[in-house]
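Residue strings, one per chain:
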Amino acid sequence: MNTPLLPGAALGVMGGGQLGRMFVHAAQTMGYRTVVLEPDATSPAGLVAHQHVAAAYTDAAGLAELAASCDAVTTEFENVPADSLRTLAERLPVAPAAAAVEICQDRAAEKRHFQRSGVPCAPFATIETEADLAAAAGLLPGILKTARLGYDGKGQASVATADELAAAWQRLGRATCVLEKRLPLALELSVIVARGRDGTLVHLPVQQNLHRDGILAVTQVPAPGVSPGLAAQAIDCAGRLAASMDYVGVLCVEFFVLADGSLVANEMAPRPHNSGHYSLDACDVSQFELQLRTLAGLPLAAPRLHSAAVMLNLLGDLWFPGETSEPRTPDWAGVLALPGVALHLYGKTDARRGRKMGHLTVTAADAAGARATALRVCERLGLPAF
């Protein structure tokens, strides 16, 4: 696709979750028609798109309708079937491509791609048989993760001994897994890059992240514990990974910073990422506009951070304080009385513990101000301090 798709064209997205919803909002703001393929009739993205194709991701008729209804297609989650993306790519531009998504869908393939690209990662072994368990014992203590379909801490277990490793593999259904050696971590960060079809690469600022129970809880930008040199190294690694896949679209790469200050890649997401949500309020170009620009072939402008920001993830637990069994609406009025607070709820029909319901972004003139207000938000909502 050499000619950009201009406003008025139709852009499709595979998946109806909150990432698709925010992509749809960004596309509609710039004058594009939007089409979502998603089996859930009440999905966050499907409810706000111009057209909702209610079909499974592998449904031939649904894919044909999506292809006939739009001019290019992207995806909002990494587990969309790669074969479906290939089917769509026979008829119209698809970004990111199926081959890149496939790498990100499989932890073993992802680790091998890190190695091929010269990007350091934790020592690892693939576990497919009982013999592999014995061969991998030298990596203990470690983290056992299913090779496919794990996210937000699901499909993984901490293991310290050979017996624990064998038991955890049994609990995970003897599925193909990756065992990663446990490393001494200082902090976690992520980099979001956007790469166009012509190879142009831009990036958001490096983000420092805090996870709780495997789910992102807090993102801070500028990253308080990250030196300029370390940030440049992370950006270079992320760009190298994108280029080596001939990637088109938005890619998030998560990294660990070790106790000795070195950097290792953890995982990639072939889509916008929870840690980049602050860009809606703190940057002049958000990660979702970058996704739109890469898909439509528009010029990529380097995003600028105009405000320091803290992003707080809002899980369904907030609706169930203490031992409450019936959901209660959190104190949004009290939170929104604070300066620089932006509330983003995802339009999900019911709150459940552990479910991502929305996020809050706190912006300020400097990082200290953003953090101070974010801590007041945490106090009012009953969230842990950071």
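Just so you know, these numbers come straight off a predicted model, no measurement behind them.

A. Local environment of the sheet that holds strand β5 (residues 124-127). Within the open sheet, the four strands sit side by side as β5-β8-β6-β7. Their pairing is antiparallel. The sheet terminates laterally at β5 and β7 (156-159), the two strands that pair on one side only. In this sheet, adjacent strand axes meet at a mean angle of 20° when their direction is disregarded. Sheet topology places β5 next to strand β8 (residues 177-181); four bridges connect them, and they run antiparallel. Looking at the pairing, Ala125 lines up with Leu179 of β8. Strands β5, β6 (142-146), β7 and β8 of the sheet are contacted by helix α5 (residues 107-116), whose axis makes an angle of about 150° with β5. Strands in contact with helix α7 (residues 162-171) are β5, β6, β7 and β8; relative to β7, the strand with the most contacts, it is inclined by about 170°.

B. Summary view of the nonpolar core. Ranked by internal contacts, the top residues of the largest apolar core, which has 33 residues, are Leu189, Val191, Val206, Val226, Leu251, Phe255 and Met268. Elements with a contribution of two residues or more to this core: α4 (98-105), α5, β9 (185-195), α8 (228-244), β13 (249-258) and β14 (263-269). Setting aside residues no more than four positions away along its own chain, Met268 makes contact with Ile103, Cys104, Glu110, His113, Phe114, Leu241, Met245, Leu251, Cys252 and Val253.

C. Quick peek at the state of the cysteines. For the structure shown, the criterion picks out zero disulfides. With no disulfide of its own, Cys121 lies 11 Å from the sulfur of Cys237, the closest cysteine sulfur.

D. Region of interest: helix α12 (residues 367-381). Taking 1.5 Å of rise per residue, 15 residues should cover 21 Å, and α12 covers 21 Å from first to last C-alpha, within 8% of that figure. Turning to α12, its buried residues are Ala370, Thr373, Ala374, Val377, Cys378 and Leu381. In an axial view of α12, the angular spread of the buried residues amounts to 150°, which keeps them on one side of the axis. Those residues of α12 that are exposed and angled more than 90 degrees off the buried face are Ala368 and Glu379. Looking at the buried positions of α12, the neighbouring elements they touch are β15 (308-315), α11 (332-336), β16 (341-345) and β17 (356-364). Backbone geometry just downstream of α12 places Gly382 in the positive-phi region, at approximately 80°.

E. Spotlight on α8. Given a rise of 1.5 Å per residue, 17 residues ought to cover 24 Å, and the 24 Å separating the end C-alpha atoms of α8 matches this to within 8%. Every buried residue of α8 is accounted for by Leu230, Ala231, Ala234, Ile235, Cys237, Ala238, Gly239, Leu241 and Ala242. In this fold, the buried residues of α8 make contact with α5, β9, β10 (201-203), β13 and β14. Following α8 by one or two positions, Asp246 has its phi on the positive side, about 50°.

F. Representation of the packing of aromatic side chains in the model. Applying the stated criterion across every chain yields a total of two aromatic pairs. Summarising the aromatic geometry, the rings of Tyr57 and Phe77 are spaced 5.2 Å apart at their centres and angled 50° between planes, so their arrangement reads as tilted. With Tyr57 in the loop between β3 (51-53) and α2 (60-69) and Phe77 in the loop between β4 (72-75) and α3 (82-89), this pair connects stretches of sequence that are 20 residues apart.

G. Quick peek at empty space enclosed by the protein. Per the counting criterion, the structure on display carries one cavity of 30 Å³ or more. Each pocket or cavity is described by its volume, and for the largest cavity that value is around 50 Å³. Lining the largest cavity are Thr74, Ala95, Pro96, Tyr247, Gly249, Val250, Pro270, Arg271, Pro272, Gln291, Thr294 and Leu295. Counting residues per element, the lining of the largest cavity draws most heavily on helix α10 (residues 287-296), which supplies three residues. The residue makeup of the lining of the largest cavity, split by class, is seven nonpolar, four polar and one charged.

H. Structural view of the layout of surface pockets. Each pocket or cavity is described by its volume, and for the second largest pocket that value is around 460 Å³. Along its surface, the second largest pocket is lined by 25 residues, and Leu315, Asp317, Leu318, Leu383 and Pro384 are the ones closest to its centre. Elements with a contribution of two residues or more to the lining of the second largest pocket: β12 (215-221), β15 and α12. Counted by class, the lining of the second largest pocket contains 15 nonpolar, four polar and six charged residues.

I. Region of interest: the environment of Gly173. Assignment of secondary structure puts Gly173 in the loop between α7 and β8. A sequence separation of 202 residues divides Gly173 from Leu375, and the C-alpha atoms of the two residues are 41 Å apart.

J. Structural view of the side chain of His277. With respect to the element layout, His277 can be found in the loop between β14 and α9 (279-282). Looking at His277, its side chain comes within polar contact range of the side chain of Gln287, at 3.2 Å.

K. How the structure looks around the sheet that holds β4. The strand order across the open sheet formed by four strands is β3-β2-β1-β4, and the pairing between neighbours is parallel. A single partner strand is all that each edge strand has here, and the edge strands are β3 and β4. Each strand of the sheet is rotated relative to its neighbour by a mean of 25°, with strand direction disregarded. Relative to strand β1 (residues 10-14), helix α1 (residues 18-29) is tilted by about 175°, and along the sheet it contacts β1, β2 (33-37) and β4.

L. Representation of unusual backbone geometry. Residue Pro96 follows Ala95 across a cis peptide bond; omega there is 5°. Unlike most non-glycine residues, Arg174 shows phi in positive territory, near 55°. Mapping Arg174 onto the fold places it in the loop between α7 and β8. Judged by its relative accessible area of 39%, Arg174 falls in the partly exposed class. Not every positive phi belongs to a glycine, and Asp213 is a case in point at roughly 55°. Mapped onto the fold, Asp213 is located in the loop between β11 (207-212) and β12.

Thresholds applied
- Residues numbered from 1 in each chain as written.
- Predicted model: local features only at pLDDT ≥ 70, side-chain atom pairs only at ≥ 80, totals over all residues.
- Heavy atoms only, no water.
- Pairing = 2+ DSSP bridges.
- Helix = DSSP H or I, 4+ residues; strand = E, 2+ residues; numbered from the N terminus.
- Axes fitted to C-alpha atoms, helices over the stretch in contact; angles between N-to-C directions.
- Contact = heavy atoms within 4.5 Å.
- Core = buried A, V, L, I, M, F, W, Y, C linked by side-chain atoms within 4.5 Å.
- Buried < 20%, exposed > 50% of the residue type's maximum accessible area, 1.4 Å probe, protein only.
- Disulfide = S-S within 2.5 Å.
- Expected span 1.5 Å × (residues − 1).
- Arc of directions from axis to C-beta.
- Phe/Tyr/Trp six-rings, centres within 6.5 Å; stacked < 30°, edge-to-face > 60°.
- 1 Å grid on protein atoms, 1.4 Å probe; cavity = no way out; pocket = protein on both sides within 12 Å on 5 of 7 lines; lining within 4 Å.
- Points joined across faces, edges and corners; volume = space filled by probe spheres on them.
- Nonpolar A, V, L, I, M, F, W, Y, C, P; charged D, E, K, R; others polar.
- Polar contact = N/O pair within 3.5 Å; in protein donor to acceptor, adjacent residues only side chain to side chain.

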